[in-house]
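Here's the letter readout for the chains.
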Amino acid sequence: MNAQPKSHSPVVEESKPQPTVADELTRVKIFLGIQAFFLVVSVFTGGFNFKLWSMLDTALMIQSIGVTALVVVLEDARHRQLAFKVAIVLYLLAVLDMGINVCVSGVVGWKT
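Quick caveat: nothing in here was measured; it's all calculated off a predicted structure.

Student: Explanation requested: the overall build of the protein chain in the structure shown.
Tutor: When you go through the protein chain residue by residue, the secondary structure sums to 3 helices and 0 strands. Counting helices and strands in the order they occur from the N terminus, the protein chain gives α-α-α. Across the 112 residues of the protein chain, 24% fall into the buried class. Long-range pairs, those at least 24 residues apart, make up 65% of the contacts in the protein chain with a sequence separation of at least 6. Surface summary for the protein chain: the accessible area is close to 8500 Å², and the carbon and sulfur share equals 69%.

Student: Would you explain the nonpolar core in this entry?
Tutor: For soluble globular proteins, nonpolar side chains are generally found buried alongside one another. If you look at the biggest cluster of nonpolar residues, it comprises 13 residues, and the most contacted ones within it are Phe31, Met61, Val67, Val71 and Phe84. Going through the elements one at a time, helix H1 (21-41), helix H2 (52-73) and helix H3 (77-107) are the ones with two or more residues in this core. Among the elements that make up this core, the one with the highest residue count is H3 (7 residues). Sequence-distant contacts of Met61, that is, excluding residues within four places in its chain, are made with Gln35, Phe38, Leu39, Tyr91, Ala94, Val95 and Met98.

Student: Explain the side chain of Gln35 to me, please; I cannot follow it from the model alone.
Tutor: In this structure, Gln35 sits in helix H1. Judged by its relative accessible area of 0%, Gln35 is buried.

Student: Where do I start with the packing of aromatic side chains in this structure?
Tutor: Both the distance between ring centres and the angle between the ring planes are used here to describe each pair of aromatic rings. As enumerated under the stated definition, the model contains 2 aromatic pairs in all. Ring centres 5.4 Å apart and planes at 75° place the aromatic pair Phe31 and Tyr91 in the edge-to-face group. Of the two residues, Phe31 is situated in helix H1 and Tyr91 in helix H3; the sequence distance between them amounts to 60 residues. With relative accessibility at 9%, the residue Phe31 sits in the buried group. Overall, the relative accessible area of 11% leaves Tyr91 in the buried class. Pairwise contacts between aromatic rings join Phe31, Phe84 and Tyr91 into one cluster.

Criteria and thresholds
- Residues numbered from 1 in each chain as written.
- Predicted model: local features only at pLDDT ≥ 70, side-chain atom pairs only at ≥ 80, totals over all residues.
- Heavy atoms only, no water.
- Helix = DSSP H or I, 4+ residues; strand = E, 2+ residues; numbered from the N terminus.
- Buried < 20%, exposed > 50% of the residue type's maximum accessible area, 1.4 Å probe, protein only.
- Contact = heavy atoms within 4.5 Å.
- Areas by Shrake-Rupley, 256 points an atom, 1.4 Å probe, with all protein chains shown as cover.
- Core = buried A, V, L, I, M, F, W, Y, C linked by side-chain atoms within 4.5 Å.
- Phe/Tyr/Trp six-rings, centres within 6.5 Å; stacked < 30°, edge-to-face > 60°.

Here it is in structure tokens:
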């Protein structure tokens, strides 16, 4: 038989350092500033022309800003990260649509 006592050593889990609230708020403020800038730029790339395709970038950007605002009020860190990632995806889709609008307006031009 085994006469040695079983040792129960505690398992040390390495955890990722959690960003502080100040760091998260700084990132959110910077991202909101970038979004506001591109919302203003969307006017020059075909936004607010009241056509479905040309208004898509503006709608996506406004949705991205709204989802980013959720980051400030959500309590759970996992939900804040998810909201921030969703906002980034919406933002990238809006910027992609702006680029497409610029290409389309350069080739065919906007008809008013």
